[in-house]
Amino acid sequence: MTELAINATDRDIADELCEQVRSAYAARTPLRIVGGDSRAFYGRPVEGKTLNIAAHSGIVSYDPIELVVTARAGTRLSALNAALAEHHQMLAFEPPIFSDASTIGGAVATGLSGPRRPWAGAARDFVLGTRIITQEGKLLRFGGEVMKNVAGYDLSRLMAGAQGTLGVLTDISFKVLPIPTATHSLRLPLSLGDALKKLSELGRKPLPITAAAWHHGELFLRLEGGKSSVSATQEVLGGEPLDAHFWRELRDHTHGFFQLNEDQSLWRLSLPPNTVPLALDIPESDIFYDWAGSQRWVKTSLDADTLRAACAALGGHATCYTPHAQGGAVEPFTPLNAVVEKYHRNLKAELDAHDIFNPGRLYAAF
């Protein structure tokens, strides 16, 4: 087990956070859980007393041999990524870094993953265990530091994407992976139809592809793995070299595509693999196909009902990343069906009976 050097800013303030939660629980005071606050745009706004976990930071333990790291929730993503890179390892789900203040707790709470997600897995797939502050202000540990920990209820992975509505994340253990020995990114001039056809063909072959996107007449691919495999695939595919920084820009939404006009909102469309282009009145240049087409970023002034109906017809859903645009009347998430909503309500009532954890963050009814 490798114990990393403690930075001057690293602190364990779990006891302080527990006391704040206990006080809020006793007084029925809603809490707005904040880390780096770089993902505040995601979901509905929360009205409540701020519970700031940013100071609860630092890498608790790291075992490069076992590929396991445990970090406090306020640890900045940039710091964690740098520490892993020193051992040639990485967070395989490639979490977005929307600002220098972005934290690992926020990455897990929102459950967002980067371009590698379809090939490596989602954020929740790499969470091994957590420490969570419950509604009563108790600090409990769930899960462990091994992939086959299946005892009990898997609350750790349930926290991924719950946006702080079920408890306060304090520590998170992750499975990490080695950084590939070889990488090469390329671009191919292809129409959308040809690109989707080619992606479908490539998906049926054992190729070292770890990212695939299309925009404005070009297909972008990232190859990662052993040197011989990457080199052989590169030779077959051809194309022009692509700066690897492209994938960071796509991941972090710093690519020029994400600049919006005043009348536009940014939408994330999640669709099944090999879904055809949606029949919507949106210019091709205002759609960015990621995850080989399963994730599509759309800039549009179309209303939410139109977008969601088109996605639902093909088995997908749509999330608004700019719910405050266009007058702020957009519901960010697709409404749940009655059965799923019932389970959400029951779970929320069990883990947060007085609705103090980020109330209204996911849906107004909670």
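The coordinates are above.
What comes next is a walk through the structure. What you see is a predicted model; the values in this text were computed from it and never measured. (Residues numbered from 1 in each chain as written. Predicted model: local features only at pLDDT ≥ 70, side-chain atom pairs only at ≥ 80, totals over all residues. Heavy atoms only, no water.)

1. As for the overall build of the chain
No. 1: On a plain count of helices and strands, the chain comes out with 10 helices and 17 strands.
No. 2: In terms of overall size, the chain behaves like a compact globule, its C-alpha atoms giving a radius of gyration of 21 Å where 366 residues would be expected to give roughly 21 Å.
No. 3: Its C-alpha atoms put the chain at 60 × 50 × 35 Å along the principal axes.
No. 4: The buried share of the chain, reckoned over its 366 residues, is 50%.
No. 5: Contacts in the chain between residues far apart in sequence, at least 24 positions, make up 70% of those at least 6 positions apart.
No. 6: Surface summary for the chain: the accessible area is close to 16,900 Å², and the carbon and sulfur share equals 52%. (Helix = DSSP H or I, 4+ residues; strand = E, 2+ residues; numbered from the N terminus. Rg over C-alpha atoms; globule rule 2.2 N^0.38 Å. Buried < 20%, exposed > 50% of the residue type's maximum accessible area, 1.4 Å probe, protein only. Contact = heavy atoms within 4.5 Å. Areas by Shrake-Rupley, 256 points an atom, 1.4 Å probe, with all protein chains shown as cover.)

2. Description of the layout of surface pockets
To find leftover empty space, one rolls a probe the size of a water molecule over the atoms.
No. 1: One number sums up the size of the largest pocket: a volume of about 1,000 Å³.
No. 2: Residue assignment for the lining of the largest pocket shows that the elements contributing at least two residues are α8 (245-252), β14 (265-270), β16 (295-300), β17 (317-320) and α10 (338-351).
No. 3: In terms of residues, the lining of the largest pocket owes the most to one element, α10, which gives four residues.
No. 4: For the lining of the largest pocket, the residue count by class is 22 nonpolar, 17 polar and seven charged. (1 Å grid on protein atoms, 1.4 Å probe; cavity = no way out; pocket = protein on both sides within 12 Å on 5 of 7 lines; lining within 4 Å. Points joined across faces, edges and corners; volume = space filled by probe spheres on them. Nonpolar A, V, L, I, M, F, W, Y, C, P; charged D, E, K, R; others polar.)

3. Describing the sheet that holds strand β7 (residues 139-143)
No. 1: Read across the open sheet, the five strands follow the order β3-β4-β8-β6-β7; overall the sheet is antiparallel. With one partner strand each, in any of the chains shown, β3 (59-63) and β7 form the two edges of the open sheet. When the angles between neighbouring strand axes are averaged without regard to direction, this sheet yields 15°.
No. 2: Here five bridges tie strand β6 (residues 127-133) to β7, and the two strands are oriented antiparallel to one another. The partner of I133 across the bridge, within β7, is L139.
No. 3: Taken strand by strand, helix α1 (residues 14-27) contacts β6, β7 and β8 (168-175), and its axis lies near 55° from that of β6. (Pairing = 2+ DSSP bridges. Axes fitted to C-alpha atoms, helices over the stretch in contact; angles between N-to-C directions.)

4. With respect to α10
In an α-helix there are 3.6 residues to a turn, and that puts residues three or four apart on one side.
No. 1: When the terminal C-alpha atoms of α10 are compared, their 20 Å separation across 14 residues agrees well with the 20 Å that a helix rising 1.5 Å per residue should span.
No. 2: Two or three places before V339, at the start of α10, stands the capping residue N337, its side-chain oxygen 3.1 Å from that residue's backbone nitrogen. (Expected span 1.5 Å × (residues − 1). Polar contact = N/O pair within 3.5 Å; in protein donor to acceptor, adjacent residues only side chain to side chain.)

5. Comments concerning the pattern of salt bridges
No. 1: Taken as a whole and judged by the stated rule, the model has 14 salt bridges.
No. 2: In this structure, E224 engages R116 in a salt bridge whose closest nitrogen and oxygen atoms are separated by 3.0 Å. Here the residue E224 occupies a position in strand β12 (residues 218-225), and R116 occupies one in the loop between α3 (104-110) and α4 (117-120), the gap between them amounting to 108 residues. Comparing E224 with R116 shows no difference in burial state: the two are buried.
No. 3: Here D171 and R131 are joined by a salt bridge, their closest N and O atoms 3.2 Å apart. Of this pair, D171 sits in strand β8 while R131 is found in strand β6, placing the two residues 40 residues apart along the sequence. Per residue, the accessibility class of D171 equals that of R131, and both read buried. (Salt bridge = Lys/Arg side-chain N within 4 Å of Asp/Glu carboxyl O.)

6. Quick word on the side chain of D252
No. 1: Position of D252 relative to the elements: it lies in helix α8.
No. 2: For D252, a relative accessible area of 13% puts it in the buried group.
No. 3: Engagement of the side chain of D252 in a polar contact is seen with the side chain of R251, the distance being 2.6 Å.

7. Structural notes on α1
No. 1: The terminal C-alpha atoms of α1 lie 20 Å apart, and with 14 residues this matches the ideal 20 Å at 1.5 Å per residue to within 8%.
No. 2: Considered for burial, the residues of α1 that qualify are A14, L17, C18, V21 and A24. Angularly, the buried residues of α1 cover 125° about the axis, an arc narrow enough to put them on a single face. Seen from the open side of α1, the exposed residues pointing more than 90 degrees away from its buried face are D15 and A26.
No. 3: Its buried side turned inward, α1 meets β1 (31-34), β2 (49-52), β6, β7 and β8.
No. 4: R28 sits one or two residues past α1 and shows a positive phi near 60°. (Arc of directions from axis to C-beta.)

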